[in-house]
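# A closer look at the structure
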Amino acid sequence: MANMTNHLHSRRGFIHLAGAGIAGVAGGPWLRAEAPNADLVVFNAKVYTVDSRAPKAEAFAVTAGRFAAVGSSADIRALIGKGTQTFDGRQMTIVPGFIDCHNHAPGNTLLFDVVVGNPYVVEFVTISSIVDKLRAKARETPPGTWVEGYFFDDTKVKDNRQLNVHDLDQVSKDHPVAVHHRGGHTAFYNSKALEMADINRNTPNPPGGTFDRDANGDLNGRVTDRAMNAVNRVGKRPTFTDEQRLQRDRDGLAYISKQFVRYGVTSVHHEGGNLAALQQVRARGELLHRVSYESSGKVLEAMISGGIMTGFGDEWIRLGATSEHTVDGSFSERTMALSTPYPGVVPPYKGNVTETQDDLNAWIERVHRAGIQVNCHANGDVAIDMVLTAVERAQRLFPRADARPKITHCTLINDDLVRRIKAAGVVPAAFTSYAYYNSDKFKFFGEDLMKRSMAYRSFLDAGIPVAAGSDFSPGPFDPRMAIQGMVTRTGWDGKTWGANQRISVDEALRVNTINGAYNSHEEAIKGSIAPGKLADFVVLSDDLFTVDKGKIKDIQIVRTVVGGSTVYRS
């Protein structure tokens, strides 16, 4: 790569790769748009275009940030002119930039909060390490103010037991203490926090959540879904001025953008966040990835009242679907709403439904009528059924072509749900890295349920353009880990679950690229290496299609390019 780098020049902190496009294999079809004065020519590479017209190529040209031609090295070299930069691929693999269709992009948390687990890879921690980190935070925090830890994973603990209220009481008796599961649907609290919230062993569970108890009926500190609201509303938290808050949001977004491109992710569907900060980061040249902004709250209300529909924006920041409207609990935290009880749980437990059907019907109809792409969080089969019922109702009342209602996660399916998803034109964004990262949790569901979970095979066989949604922070967003899990269904622990849902490498690549573009109505401008599309691509050290399938996650990201500019290189 050193010699290749010599052909590139720096611009605004990036290595600029503007030039020619990519084409078919030698002697194969040559796809070309108008490509005078190609800015960049890439040749001598293994290019997997995800374009059915010419699925493999050796070379491509980029002009003005877009692919201009795709073909053989000989054909594309002909587009080299004065000032054209060249890039010798040295038989490395090039694929379209990866697209993540569900990401909470918590850059602030990574930068400013206590992180008690590894956000990116499988790593086990000890309960004592969590206590020590929080104690250190408590020493610099006024009494009565929250001390909180993030990115906890309950099955990545060396102690081989659950974190509990007694552990967190060791942190402090003067501060409310919380450890938030990276899944976002459960948290663990100390006695002080529960006491401040006036929650005791006799407190009933609220609708859509639980205060968990030990074998003696005493609170064990674990609180799920909507029950967390009762605890989180007490205590003090640090306060910031509007400018301080904006600065933190800018710093967090700039930081997470660097992490995305480090892993080859060039487009991300952001679950809300500070839209003003996002635009400022972009204006400063620090936004390295493209954003489909998924709105909620004031931004969503402003869109509805102002008549702003999905698709408003440009190639860098575009208003997409809504943020996930939550209908049930978590898959990884075992609170999603099932039609049958969780295996082996006593007393019988079917998870948490967090929305009534009437409220869901009203919300979906309102958003749908406004021309905004609906997006709901539904994990269990009960919740997916509820969303489909509301979507079908909205379409009957107000038919809208190509609405592409989105179901985030869409985890546990059955044949009838798949039929309805297809009929309604729903676009699922299913978990990606979970098959590898969370395989240690699948025992809580059992093989029968796992055969119907994260059902990529079922979706694709039905002709449903399922996309990849990492759900970071709940799951790592590494697309290599995602592809390996989709292809093998084998986890970090060597165990395989739901092998019937395996898909091919080619299918997994499509799920993580062109299907992601379709999910946000952007398949005409991104998701494949084809003339006229945005020049977003990733250079890999090894071939996804020939490497041992159990080592796909270890392939090195050599270079990430967005719009012809290299935004990351190893």
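Conventions adopted
- Residues numbered from 1 in each chain as written.
- Predicted model: local features only at pLDDT ≥ 70, side-chain atom pairs only at ≥ 80, totals over all residues.
- Heavy atoms only, no water.
- Helix = DSSP H or I, 4+ residues; strand = E, 2+ residues; numbered from the N terminus.
- Buried < 20%, exposed > 50% of the residue type's maximum accessible area, 1.4 Å probe, protein only.
- Disulfide = S-S within 2.5 Å.
- Arc of directions from axis to C-beta.
- Contact = heavy atoms within 4.5 Å.
- Polar contact = N/O pair within 3.5 Å; in protein donor to acceptor, adjacent residues only side chain to side chain.
- Pairing = 2+ DSSP bridges.
- Core = buried A, V, L, I, M, F, W, Y, C linked by side-chain atoms within 4.5 Å.
- Axes fitted to C-alpha atoms, helices over the stretch in contact; angles between N-to-C directions.

As a further point, take the environment of F87. Inspection of the secondary structure assignment puts F87 in strand β10 (residues 85-88). For F87, a relative accessible area of 0% puts it in the buried group. Through-space distance from the C-alpha of F87 to that of A64 is 16 Å; in sequence the pair is 23 residues apart.

It is worth spelling out the state of the cysteines at this point. Throughout the structure, instances matching the rule amount to zero disulfides. Not part of a disulfide, C101 finds its nearest cysteine sulfur in C410, a span of 13 Å. With no disulfide of its own, C376 lies 11 Å from the sulfur of C410, the closest cysteine sulfur.

Further remarks concern helix α9 (residues 275-283). Within the span of α9, buried status applies to L275, A277, L278 and V281. Projection of α9 onto a plane perpendicular to its axis shows the buried side chains occupying an angular sector of 160 degrees, all on one side. Those residues of α9 that are buried are in contact with α8 (242-262), β19 (265-271), β20 (290-295), α10 (297-306) and β21 (317-322). Taking the backbone nitrogen of A276 as reference, a side-chain oxygen 3.0 Å away marks N274 as the first, capping residue of α9. Positive phi appears at G285, one or two residues downstream of α9, with a value of about 80 degrees.

The next thing to look at is unusual backbone geometry. A cis amide bond links V346 to the next residue, P347, at an omega of -5 degrees. Going from F472 to S473, the amide bond is cis rather than trans, its omega being 20 degrees. Structurally, S473 is set in the loop between β26 (467-468) and α17 (479-488). In this structure, N160 is a non-glycine residue whose phi angle is positive, near 60 degrees. Tracing the sequence through the fold places N160 in the loop between β14 (147-152) and α5 (165-169).

Next up on the list: the pairing of strand β15 (residues 177-181). The buried fraction of β15 is high, at five of five residues. Of the two faces of β15, both are covered, the one formed by V177, V179 and H181 as well as the one formed by A178 and H180. Alignment of β14 against β15, held across four bridges, turns out to be parallel. Along β15, the bridge assignment pairs E148 with A178. Bridging between β15 and strand β16 (residues 186-189) involves three bridges; their strand directions are antiparallel. In the strand pairing of β16, V179 is matched with F188. In this structure, the hairpin formed by β15 and β16 is closed by a connection of four residues, where G184 is found at a positive phi of approximately 85 degrees.

Core analysis: the largest hydrophobic core is formed by 69 residues, its most contacted members being I364, I384 and V387. When residues in this core are grouped by element, the largest group, eight residues, is from helix α12 (residues 381-397). With 18 residues, the next largest nonpolar core counts L40, A45, V62 and F67 among its residues.

Before going further, it helps to spend a moment on the sheet that holds β20. Read from one edge of the open sheet, four strands run β12-β19-β20-β21, paired in parallel fashion. Pairing within the sheet leaves two strands with one partner each, and these edge strands are β12 (98-103) and β21. Mean inter-strand twist for the sheet, computed between neighbouring axes without regard to direction, equals 20 degrees. Relative to the sheet, α8 contacts β12 and β19, its axis offset from that of β19 by approximately 135 degrees. Of the strands in this sheet, β19, β20 and β21 are in contact with α9, which crosses β21 at around 150 degrees.

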